[in-house]
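Geometric and topological summary
So you can see what is in the structure, the chains are spelled out below.
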Amino acid sequence: MRRHGKLEYGGHVGQLAGPQRTCVGCRVREAKSELLRLVLVGDHVIPDQRGRLPGRGASLHPRLSCLELAERRRAFPRAFRVQGPVDVTQVRAHLEKESGNVM
Ligand SMILES: [Zn+2]
């Protein structure tokens, strides 16, 4: 498949969009503003909706499919550099509330 129009320049696309982060679920790079920042408090992963909580953060698309991918890949302990399992109940509750009737 060939797109008509201009060539795409891989690697340059997106630089104008500001800072980017990688979703810990699907591993897609995305503008920071499109992702939900998560922080670890104790062994609970908390959605940092205002982007103000201190500590090491992880980024996730605000959708349940990415949360589930991240859980399946054990991406959270890796992202937060902890050994044990982490609790994502609050993230799930947040996403369920946000997504309304999806899933
Ligand atoms: Zn994602």
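First, a word on scope: everything that follows refers to the structure included in this document. Please read all numbers here as calculations on a predicted model, not as lab measurements.

So, how was this worked out
- The numbers attached to residues start from 1 for each chain and follow its sequence in the written order.
- Note on the predicted model: pLDDT of at least 70 is required for a residue's local features to be given, and 80 or more for side-chain atom pairs to be given and counted; whole-chain, interface and lining totals, by contrast, use all residues.
- With hydrogens and water set aside, each side-chain value is computed from the structure's full complement of heavy atoms.
- Only nitrogen, oxygen and sulfur atoms within 2.8 Å of the metal, or 3.2 Å for Na, K and Ca, are treated as donors, and water is left out, so sites may look incomplete.
- When a residue's accessible area, from a 1.4 Å probe over protein chains only, is under 20% of the maximum for its type it is buried; when over 50% it is exposed; and in between it is partly exposed.
- Strands are runs of DSSP state E lasting at least 2 residues, helices are runs of H or I lasting at least 4, and numbering of each runs from the N terminus.
- This arc corresponds to the set of directions leading from the helix axis out to the C-beta atoms.
- Two residues form a contact once any of their heavy atoms are found within 4.5 Å.

**Considering the coordination of the zinc ion**
Every protein donor of the zinc ion is listed here as Cys23 (SG), Cys26 (SG), His61 (ND1) and Cys66 (SG), and their distances to the metal cover 2.0 to 2.3 Å. Along the chain, the residues donating to the zinc ion are arranged with the sequence spacing C-x2-C-x34-H-x4-C. Each member of the pair, His61 together with Cys66, is buried.

**Let's talk about unusual backbone geometry**
Excluding glycine, most residues fall at negative phi; most peptide bonds, likewise, are trans. Backbone geometry at Arg27 places phi at a positive 65°, although glycine is not the residue there. Examined against the element boundaries, Arg27 turns out to sit in the loop between β1 (20-22) and β2 (29-31). For Arg81, which is not a glycine, the phi torsion comes out positive at approximately 60°. Take Arg81: it is sitting in the loop between α2 (75-80) and α3 (89-99).

**Observations regarding helix α1 (residues 64-72)**
Of all the positions in α1, only Leu64, Cys66, Leu67 and Ala70 are classed as buried. Buried residues along α1 cover an arc of 160° about the axis, so they all sit on one side. Here the buried face of α1 lies against β5 (57-60), α2 and α3. In the segment just after α1, Arg74 is the residue with positive phi, at about 55°.

Take it as geometry only, folks, not as evidence of what the structure does.
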